[in-house]
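Fold and contact review
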Amino acid sequence: MKMLTAVAKPFKAEEVRDALAQIGVQGMTITEVKGFGRQKGHTELYRGAEYVVDFVPKVKLELAVREEQLDQAIEAIMKAAGTGKIGDGKIFVTDLEQVIRIRTGETGSEAI
């Protein structure tokens, strides 16, 4: 099992969710976050004054997938979240040692 953590633009969250649902990924956690990568924020104009926005709004998607779904899930996220412009985000893949469904006590890939 793998844990996918993807950071993407907020307006792409629904598209990513739909793309993952089409390949059979059933659950995920989405969190509104702020951060920056290579783009290092940007400047904005408010009432005639220019100011720097250091942290850009993003969404963080966390999902557990079976090993056999990994490549499909990564491809789905890349296609749905990509705009071809700076700030599209990143995908982090980590090993997932154990999963336990609290309600039923199921473990491993059955708990996903």
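Criteria and cut-off values
- Residues numbered from 1 in each chain as written.
- Predicted model: local features only at pLDDT ≥ 70, side-chain atom pairs only at ≥ 80, totals over all residues.
- Heavy atoms only, no water.
- Buried < 20%, exposed > 50% of the residue type's maximum accessible area, 1.4 Å probe, protein only.
- Helix = DSSP H or I, 4+ residues; strand = E, 2+ residues; numbered from the N terminus.
- Arc of directions from axis to C-beta.
- Contact = heavy atoms within 4.5 Å.
- Core = buried A, V, L, I, M, F, W, Y, C linked by side-chain atoms within 4.5 Å.
- Pairing = 2+ DSSP bridges.
- Axes fitted to C-alpha atoms, helices over the stretch in contact; angles between N-to-C directions.

As a further point, take helix H1 (residues 13-22). For H1, the complete set of buried residues consists of Ala13, Val16, Ala19 and Leu20. An end-on view of H1 places all buried positions within 130 degrees of arc, on one side of the element. Lining the buried residues of H1 we find strand S5 (56-65) and helix H2 (70-81). Gly24 sits one or two positions beyond H1 and adopts a positive phi of about 95 degrees.

Tracing the backbone shows Leu4 in strand S1 (residues 2-8). When its relative accessible area of 0% is taken as the criterion, Leu4 is described as buried. In contact with Leu4, not counting residues within four places along its chain, are Leu61, Glu62, Leu63, Val65, Leu70, Ala73, Ile74, Ile77, Ile91, Phe92 and Val93.

Moving on: the nonpolar core. Leu4, Val16, Leu20, Leu61, Leu63, Val65 and Ile77 are the most contacted members of the largest nonpolar core, which totals 18 residues. Breaking this core down by element, the ones donating at least two residues are S1, H1, S5 and H2. Discounting residues that sit within four places of it in the chain, Leu63 has contacts with Lys2, Met3, Leu4, Leu20, Val25, Gly27, Met28 and Ile77.

This paragraph deals with the sheet that holds S5. With respect to topology, four strands assemble into an open sheet ordered S2-S5-S1-S6, the strand pairing being antiparallel. Two strands close off the open sheet at either side, each with one partner strand: strand S2 (29-35) and strand S6 (89-95). Neighbouring strand axes in the sheet, compared pairwise and without regard to direction, differ in orientation by 20 degrees on average. Sheet analysis places S1 next to S6, joined by seven bridges and oriented antiparallel. Bridging across to S6, Lys2 finds its partner in Asp95. Running at roughly 5 degrees to S1, H2 makes contact with S1, S5 and S6 of the sheet.

The analysis is restricted to geometry; functional conclusions fall outside its scope.
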